[in-house]
Amino acid sequence: MEIISFDLKDKFLAEMQKFHSEFDELVEDVTNEGSLNKVEMETVIRYTVPRSLNSKGLIVVIAYKYLVPDAGEEDLKIARVLGWCAEMLQASFIVSDDMMDNSELRDGKMCWYRKNKLGNKALNDCFLIESYVYKLIRRFTSRKQYYVHLVELFLEVTEKVVIGQCIDVITCPKESSLDFTKFNMDRYCEVSKWKCGFSLPVTIAMRMAGIFETNFYTIADNIMLEMGLFCQVENDYLDCYDSNVSGKIGNDIEERKCTWLIVRALEVGTPEQRRRLMELYEKCNAPDTTAIDEVKRIYQDLDLPSLYAQYETESYRRVLGMIDSLDGILPKGIFLEFVNFIYRRQKSYAVQLTCQLPLGE
């Protein structure tokens, strides 16, 4: 698949540097109050919130600049703060998700709940990080007309992500038998779109810009959800085939997760392959890795990497078609920026940018 180049590297890097320059001030701001140990609070935020690119937060700022080209520095600062709020909310989801999935690495470093053997104590940190989101929103936007809309937006996204996680856990119980009638593409897409919270950055920018037309939000939501679905499919693929890019140790098969790979394999496999896959998948949570290895062999027999490449191309073209139809509705550049972030991710590019920025511990 040929990726369109929008030549955004210099602009992206410049905004990324400004975006990260706000982080230390915000950490100081939210940890100055409260009875908890300030050092411990800072450690939680600095370890869990900064990631390789923090693309959701950056998109808030970039989208706002497209919507309000003459925005003043005060409003741009608020956009950056709200971008970090989006990243903090994401971090709270990630910490709890890693606990539920028994993950080991996130973005190439030890998951927070495994740090210093925190274990279930890390659950409290999820609530702590989330509380800082609303603290910052109140502090920087309480006098703005869009304040209530922002709070409702963050609460709505939280509700949808939690519901998506709940359905995911119900679909993939750790101990009991799996119900493979739930391993279908319709359910997978529904859960993925609920879980991703992908529309949040653009919607934040639209609220800041004073956009009230409901149909504009529907159009933006449809585009972002399509990209969010792709990101989930991509994560599923990388979990199995390339953990160097995802920065995680793949354990989706071991956790018997309802991923795009198993759903697609059950769709295209022969009756015998389907029967064998279901039989093996039931056993993948056992200490013996034989079943996991055999599942991967069947994936190769079905040439899932080629099917994934085909899906990636189709998704890319579908998203570009949706963006192309935006004439006169919303700036296309907002969504083209996001396209550059997510399709054919290059970890080396992320590392190249990261090494120039203060990303905390």
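Just so you know, these numbers come straight off a predicted model, no measurement behind them.

1. Re the nonpolar core
Moving on, step 1. Counting 118 residues, the largest nonpolar core has Phe154, Phe183, Met227, Tyr281, Tyr299 and Phe335 as its most contacted members.
Moving on, step 2. With residues near it in sequence (within four places) discarded, Met227 still touches Phe198, Val319, Phe335, Phe338, Val339, Ile342 and Tyr343.

2. Concerning the state of the cysteines
Moving on, step 1. Scanning the entire structure with this criterion turns up zero disulfides.
Moving on, step 2. Not part of a disulfide, Cys172 finds its nearest cysteine sulfur in Cys258, a span of 5.4 Å.
Moving on, step 3. Judged by its relative accessible area of 7%, Cys172 falls in the buried class.

3. Things to note about the side chain of Asn251
Moving on, step 1. Residue position: Asn251 is located in the loop between helix H11 (243-246) and helix H12 (260-268).
Moving on, step 2. Note on Asn251: relative accessible area 9%, which makes it buried.
Moving on, step 3. Once residues within four sequence positions are removed from consideration, Asn251 is found in contact with Asp101, Asn102, Ser103 and Asp239.

4. Quick word on the environment of Asp101
Moving on, step 1. Here Asp101 lies in helix H5 (residues 73-101).
Moving on, step 2. Taking the C-alpha atoms as reference, Asp101 lies 6.9 Å from Glu255; in sequence the two are 154 residues apart.

5. Here we look at the packing of helix H6 (residues 122-141) against helix H7 (residues 147-171)
Moving on, step 1. Contact pair H6 / H7: the axes reach a minimum separation of 10 Å and the direction vectors enclose 165°. By the angle between their directions, the pair H6 and H7 is classed as roughly antiparallel. The handedness of the crossing between H6 and H7 comes out as right-handed. Between H6 and H7, the residues in contact are Glu130, Val133, Tyr134, Ile137, Arg138 and Thr141 and Tyr147, Leu150, Val151, Phe154, Leu155 and Thr158, respectively.
Moving on, step 2. Its residues assigned to classes, the contact of H6 with H7 shows eight nonpolar, two polar and two charged.

6. A word on empty space enclosed by the protein
Moving on, step 1. According to the stated counting rule, one finds one cavity of 30 Å³ or more in the structure shown.
Moving on, step 2. Considering only enclosed or pocket space, the largest cavity measures out at about 140 Å³ in volume.
Moving on, step 3. Taken together, 14 residues make up the lining of the largest cavity; nearest its centre are Tyr47, Thr48, Ile94, Arg106 and Lys109.
Moving on, step 4. Top element by residues in the lining of the largest cavity is H5. It accounts for four residues.
Moving on, step 5. Among the residues making up the lining of the largest cavity, the classes are represented as eight nonpolar, one polar and five charged.

7. What about helix H8 (residues 185-196)?
Moving on, step 1. With 12 residues, H8 extends 16 Å between its outermost C-alpha atoms, agreeing within 8% with the 16 Å of an ideal straight helix rising 1.5 Å per residue.
Moving on, step 2. Along its buried surface, H8 packs onto helix H4 (55-67), H7, helix H10 (214-241) and H12.
Moving on, step 3. The N-terminus of H8 is capped by Asn184, whose side-chain oxygen sits 3.3 Å from the backbone nitrogen of Asp186.
Moving on, step 4. Immediately downstream of H8, the backbone of Gly197 shows phi near 55°, a positive value.

8. Brief notes about the layout of surface pockets
Moving on, step 1. Here the second largest pocket is characterised by a volume of approximately 430 Å³.
Moving on, step 2. The wall of the second largest pocket is formed by 19 residues, among which Glu156, Val157, Lys160, Ser199 and Asp221 lie closest to the centre.
Moving on, step 3. Of all elements in the fold, only H7, H8, helix H9 (200-208) and H10 reach the threshold of two or more residues within the lining of the second largest pocket.
Moving on, step 4. For the lining of the second largest pocket, the element with the most residues is H7, which contributes seven residues.

9. Focus: the packing of H7 against H9
Moving on, step 1. Following both chains from N to C, one finds H7 and H9 inclined at 165°, their axes separated by 10 Å at the closest point. Put simply, H7 runs roughly antiparallel to H9. For the crossing formed where H7 meets H9, the hand is right-handed. The residues of H9 that touch H7, namely those facing His149, Leu150, Leu153, Phe154 and Val157, are Leu200, Thr203, Ile204 and Arg207.

10. Considerations on the confidence of the model for the chain
Moving on, step 1. The share of residues in the chain with pLDDT of 70 or more is 89%, and the mean pLDDT across the chain is 87.
Moving on, step 2. Of all the helices and strands in the chain, helix H17 (residues 347-354) carries the lowest mean pLDDT, 34, while H12 carries the highest, 98.
Moving on, step 3. Long-range and interchain partners of residues 1-7, a stretch whose pLDDT sits below 50, account for 14 contacts in this model, where long-range means more than four residues apart.
Moving on, step 4. Confidence drops under a pLDDT of 50 for residues 346-361, and excluding neighbours within four residues, the segment shows 33 contacts in the predicted structure.

11. Side note on the pattern of salt bridges
Moving on, step 1. Counted under the stated rule, the structure contains 27 salt bridges.
Moving on, step 2. As a salt-bridge pair, Arg46 and Glu42 come within 3.8 Å of each other at their nearest N and O atoms. Note that Arg46 and Glu42 are positioned in helix H3 (residues 38-48) at a spacing of four residues, about one turn of the helix.
Moving on, step 3. Judged by its relative accessible area of 22%, Arg46 is partly exposed.
Moving on, step 4. Note that Glu294 and Arg276 form a salt bridge whose closest N and O atoms lie 3.0 Å from each other. Within this pair, whereas Glu294 is found in helix H14 (residues 290-301), its partner Arg276 is found in helix H13 (residues 271-283), the two being separated by 18 residues in sequence.

12. Considering unusual backbone geometry
Moving on, step 1. We note that Arg256 has phi near 60°; this positive angle belongs to a residue other than glycine.
Moving on, step 2. Mapped onto the fold, Arg256 is located in the loop between H11 and H12.
Moving on, step 3. Take Arg256: its relative accessible area is 2%, and that puts it in the buried class.
Moving on, step 4. Within the chain, Asp303 stands out as a residue other than glycine whose phi angle is a positive 55°.
Moving on, step 5. In this fold, Asp303 is placed in the loop between H14 and helix H15 (304-324).

About the criteria used
- Residues numbered from 1 in each chain as written.
- Predicted model: local features only at pLDDT ≥ 70, side-chain atom pairs only at ≥ 80, totals over all residues.
- Heavy atoms only, no water.
- Core = buried A, V, L, I, M, F, W, Y, C linked by side-chain atoms within 4.5 Å.
- Buried < 20%, exposed > 50% of the residue type's maximum accessible area, 1.4 Å probe, protein only.
- Contact = heavy atoms within 4.5 Å.
- Disulfide = S-S within 2.5 Å.
- Helix = DSSP H or I, 4+ residues; strand = E, 2+ residues; numbered from the N terminus.
- Axes fitted to C-alpha atoms, helices over the stretch in contact; angles between N-to-C directions.
- Parallel < 35°, antiparallel > 145°, perpendicular 65-115°, else oblique.
- Left-handed = near helix turned anticlockwise from the far one by under 90°.
- Nonpolar A, V, L, I, M, F, W, Y, C, P; charged D, E, K, R; others polar.
- 1 Å grid on protein atoms, 1.4 Å probe; cavity = no way out; pocket = protein on both sides within 12 Å on 5 of 7 lines; lining within 4 Å.
- Points joined across faces, edges and corners; volume = space filled by probe spheres on them.
- Expected span 1.5 Å × (residues − 1).
- Polar contact = N/O pair within 3.5 Å; in protein donor to acceptor, adjacent residues only side chain to side chain.
- pLDDT = per-residue confidence, 0-100.
- Salt bridge = Lys/Arg side-chain N within 4 Å of Asp/Glu carboxyl O.

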